[in-house]
Structures are given as C-alpha cells and as structure tokens.
Amino acid sequence: IEKVELADNGMKAVTMMFDTNPVYDLVLCDWHMPEKNGIDVHTAMRASERYHHTIFMLVTAVTEAKQIREAIDEGVDDYVVKPIEQDKMLKKIARHFPQLKVN
C-alpha cells in the first residue's frame, strides 16, 4: 500500500475520487457517513468509467445478511464488519489483490 487518504464524509469521498490521479485501486468506505452513505459513494464511483476496475469494500457494523446481500447485488465487491480485525481485513483485501503476500 503506497498511498492512503481519508475522508470524513461521503461527499468528500466522492470529490476526492474524482480529483485524484491516478485512480484509487481500493476504496474502503463506511456504510453510514454524513452527507452520502457508502452505497451512494459506491454508485457515484461506478458511474465513472475510470473506476470500473477499482475494488470497493464497505466497512460496516451491519451484520444482517439481507442488507449485505443487497449491497453485494449493487456491485459492492466485499465488506468488512466492525470492529475491524486487521488480519481479517488484510485477508479480504488480498483476495482482490493476489500479488499481496498475507500470512
């Protein structure tokens, strides 16, 4: 991982995605944020051709299977449940980036 940037609300996240160059390879996005939620951020990201290959993972306290299934059906690549366990998160990321070496 070479560059990490943080946004404290969904609108700022969308703005950052379209102001950055090159594009992000991975977006970890909280489901519940001010101004735009994670699904809104995902929708905005996928509307741009430049982000069609970016991995989008929701970070959430939601554990209800129906809601998670709906997010996956919307095209979200994966999710991480809070509280985040570092080793589980790294393994999920490594599934999408096989070049990463995770024990």
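Now for a look at the structure at hand. (Residues numbered from 1 in each chain as written. Predicted model: local features only at pLDDT ≥ 70, side-chain atom pairs only at ≥ 80, totals over all residues. Heavy atoms only, no water.)

Focus: the sheet that holds strand E2 (residues 55-60)
- The three strands are arranged E1-E2-E3 in an open sheet whose pairing can be described as parallel. A single partner strand is all that each edge strand has here, and the edge strands are strand E1 (26-30) and strand E3 (78-81). Direction aside, the axes of adjacent strands within the sheet are offset by 25 degrees on average. (Pairing = 2+ DSSP bridges. Helix = DSSP H or I, 4+ residues; strand = E, 2+ residues; numbered from the N terminus. Axes fitted to C-alpha atoms, helices over the stretch in contact; angles between N-to-C directions.)

Digging into unusual backbone geometry
- Cis peptide bonds are those with omega within 30 degrees of zero, and the linkage from Asn 21 to Pro 22 qualifies with 0 degrees.
- Looking at where Pro 22 falls in the secondary structure, it is placed in the loop between helix H1 (10-19) and E1.
- Here Lys 82 and Pro 83 are connected by a cis peptide whose omega angle stands at -5 degrees.
- With respect to the element layout, Pro 83 can be found in the loop between E3 and helix H4 (86-96).
- Its identity is not glycine, yet Glu 35 carries a phi of approximately 75 degrees, on the positive side.
- Note that Glu 35 resides in the loop between E1 and helix H2 (38-46).
- Relative accessible area serves as the criterion here: at 61%, Glu 35 is assigned to the exposed category. (Buried < 20%, exposed > 50% of the residue type's maximum accessible area, 1.4 Å probe, protein only.)

Description of the layout of surface pockets
- Empty space within the largest pocket amounts to approximately 960 Å³.
- Forming the walls of the largest pocket are 29 residues, and the residues nearest its centre are Lys 3, Val 4, Glu 5, Tyr 24 and Leu 26.
- Looking at the lining of the largest pocket, the elements that each hand over two or more residues are H1, E1 and H4.
- Sorting elements by how many residues they give to the lining of the largest pocket places E1 first, with five residues.
- Here the residues of the lining of the largest pocket are counted per class, giving 22 nonpolar, two polar and five charged. (1 Å grid on protein atoms, 1.4 Å probe; cavity = no way out; pocket = protein on both sides within 12 Å on 5 of 7 lines; lining within 4 Å. Points joined across faces, edges and corners; volume = space filled by probe spheres on them. Nonpolar A, V, L, I, M, F, W, Y, C, P; charged D, E, K, R; others polar.)

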